[in-house]
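Below are the chains, spelled out letter by letter.
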Amino acid sequence: MTERIDGHTLLIGLMAYPIRHSMSPTMHNNAFAKLGLNYAYLAFEITNETLPSAVQAIRTLDMRGSNISMPNKQKIIPLLDKLDPATEMIGAVNTVVNDHGTLTGYTTDGIGFMKSLDDEGLDIRGHKMTLAGAGGAGTAIAVQAALDGVKEISIFNRRDEFWDNAKRNVDIINEKTDCKATLHDLADQDDYKAEIQSSYIYADATGVGMNPLQDQTLVTDPAWFNNPDQIVFDTVYAPRTTELMKVAEKAGVKHVFNGLGMMLEQGAAAFKLWTGKEMPVDYIRQILF
Ligand code: NAD
C-alpha cells in the first residue's frame, strides 16, 4: 500500500455511520493494488449532521468520489449536482463520482444483485420475481430488475414505515418500465406462498436473518419451495448461511444464495464508475470470502 501512495494518489471515501465493520476498504484497496491503479479508499464515520461538510470535502480535496451508506443514502441527494436516471427512480445513492467538481449520484446495489445472478449463469430477465422488503436494498433490487427486463415483480412488505415506499416502488416501476409490479401485505400468508410458488426467483431484502434477527426467517416451511429449479436469494451475508437459506436447502432448491455476490458486484460497479476499469472480481472473491 505505502509503495502505491504518492503525490498523485486520488482519494475515494466511504461515508456512513457505523462503518468500521465494512469490507469495502479491503475490497477496493486490494483491487487498486492488483491493477496498479493510483487510488486509496478510506472509511469515514459520517452522520447526517456531518454529511454536508463531508460532501464539500469531496469537492475541496478533489476526491474521485465516495461510497455512501446508512444513514446518508437519501440525505445526500440534495447535496449532489446530478443523479443517473435509475438512481433518480430508486431515490437513494450509494456511489458518488466527482468529475472536476460535478458530483453525480449512482446506486449500484441493484446492479450488483443482477450481476451476481449473471455470475452464476442465471438469467431472471423475462421471469417473475417475488421480493420481500422495500427499504434501500429492496428498492434498488426492484427498480434495477424492472429496468433490466424482469417481467413481473410481487413486492411484499409489512405495514410499517416502509409500506408507503413499497407503494411508491410499485407505482414508479409500472409507470416507467415494462415490468408489472404489484404490492402485497406480508401478513397474508396464503398470498405470500402462492406468489413465491409462481415465481422463478424469491429474494429477501428485509434483513430478517441478520443480527439481531439471525434466528428468524420469513419463510419457515420448506413446502413453500416446491420447485427445485427456483432461485432463493437472501441479501444478508452475515451469517453466510441464513435461516431462509437453510429452509430452501432443506426443500431441495438448487440455486440458493446469500448476499456476498451482490456485495462484491455492487463494489465492482462502483469501481468501474471511478476508475473506468473492471474490478478483478475473482481475485477479490478469494481475498474476501
Ligand atoms: P432498510 O432498513 O432500508 O429496509 C428494511 C426492510 O425490511 C423494510 O422493507 C422493512 O419493512 C423490512 N423489515 C424489517 N424488519 C422486518 C421484519 N421483522 N419482518 C418483515 N420485514 C421487515 O434496510 P436495507 O438497507 O434495505 O437492508 C436490508 C437488508 O439488505 C439488510 O440485511 C442488508 O444487510 C442487506 N443489504 C445487502 C446488500 C448486499 O450487497 N448484499 C446491500 C444492501 C443491503
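Up top is the structure these notes are about.
Residues numbered from 1 in each chain as written. Predicted model: local features only at pLDDT ≥ 70, side-chain atom pairs only at ≥ 80, totals over all residues. Heavy atoms only, no water.

A. Geometry of the packing of helix H5 (residues 136-148) against helix H6 (residues 163-176). Two elements in contact, H5 and H6, have axes whose closest approach is 10 Å; the angle formed by their N-to-C orientations is 10°. By the angle between their directions, the pair H5 and H6 is classed as roughly parallel. In contact with Thr139, Ala142, Val143 and Ala146 of H5, H6 contributes Asn165, Arg168, Asn169 and Ile173. (Axes fitted to C-alpha atoms, helices over the stretch in contact; angles between N-to-C directions. Helix = DSSP H or I, 4+ residues; strand = E, 2+ residues; numbered from the N terminus. Parallel < 35°, antiparallel > 145°, perpendicular 65-115°, else oblique. Contact = heavy atoms within 4.5 Å.)

B. Fine view of the nonpolar core. Counting residues in each nonpolar core, the largest one holds 33 residues, and the members touching the most others are Phe113, Leu117, Met129 and Ile153. Every element with two or more residues in this core is listed here: helix H3 (85-90), helix H4 (109-119), strand S7 (128-132), H5, strand S8 (152-157), H6, strand S10 (201-204) and strand S11 (231-234). Setting aside anything within four residues of it in sequence, one finds Phe113 in contact with Ile124, Met129, Ile141, Ile201, Ala203, Phe233 and Met262. (Core = buried A, V, L, I, M, F, W, Y, C linked by side-chain atoms within 4.5 Å. Buried < 20%, exposed > 50% of the residue type's maximum accessible area, 1.4 Å probe, protein only.)

C. Structural detail: the side chain of Asp234. Within the secondary structure layout, Asp234 lies in strand S11. Buried within the structure, Asp234 lacks any salt-bridge partner; its nearest side chain of opposite charge belongs to Lys246, at an N-O separation of 11 Å. In this structure the side chain of Asp234 is engaged in a polar contact, spanning 3.2 Å, whose partner is the backbone nitrogen of Val236. Within the structure, the side chain of Asp234 is placed 2.8 Å from the side chain of Thr242, a separation counted as a polar contact. Setting aside residues no more than four positions away along its own chain, Asp234 makes contact with Asp204, Val208, Thr242, Leu244, Met245, Phe257, Asn258 and Gly259. (Lys, Arg positive; Asp, Glu negative; His and termini not counted. Salt bridge = Lys/Arg side-chain N within 4 Å of Asp/Glu carboxyl O. Polar contact = N/O pair within 3.5 Å; in protein donor to acceptor, adjacent residues only side chain to side chain.)

D. Inspection of the site of the ligand at higher detail. The environment of the ligand is formed by 24 residues, the closest being Ala134, Ala137, Asn157, Asp160 and Gly259. In this structure, an oxygen atom belonging to the ligand sits 2.7 Å away from a main-chain N or O atom of Ala137. The side chain of Asn157 places a nitrogen or oxygen atom 2.7 Å from an oxygen atom of the ligand. For the ligand, whose accessible area on its own is 860 Å², the fraction buried by protein is 81%. Secondary structure elements with two or more residues in the shell around the ligand: H5 and helix H9 (260-275). Residue classes in the shell around the ligand are distributed as 13 nonpolar, 8 polar and 3 charged. (Near = heavy atom within 4 Å. Areas by Shrake-Rupley, 256 points an atom, 1.4 Å probe, with all protein chains shown as cover. Nonpolar A, V, L, I, M, F, W, Y, C, P; charged D, E, K, R; others polar.)

E. Structural view of the sheet that holds strand S2 (residues 39-45). With respect to topology, 6 strands assemble into an open sheet ordered S2-S1-S3-S5-S6-S4, the strand pairing being mixed. The open sheet is flanked by S2 and strand S4 (82-83), the only strands paired with a single partner. Where S4 and strand S6 (residues 102-106) come together, 2 bridges link them in parallel fashion. Residue pairing for S6: Lys82 is matched across the bridge by Thr104. Lying over the sheet, helix H1 (residues 24-35) contacts strand S1 (10-16), S2 and strand S3 (65-68), oriented at roughly 170° with respect to S2. (Pairing = 2+ DSSP bridges.)

F. Fine view of the sheet that holds strand S12 (residues 255-257). With parallel pairing, the 6 strands of this open sheet are ordered in space as S9-S8-S7-S10-S11-S12. Both outer strands of the open sheet, strand S9 (180-185) and S12, are each paired with one neighbouring strand and no more. Between one strand axis and the next, the sheet turns by 15° as a mean value, whatever way the strands run. In this sheet, S11 lies alongside S10 in parallel orientation, the contact comprising 4 bridges. Each residue of the ladder has a partner; that of Ile201, found in S11, is Ile231.

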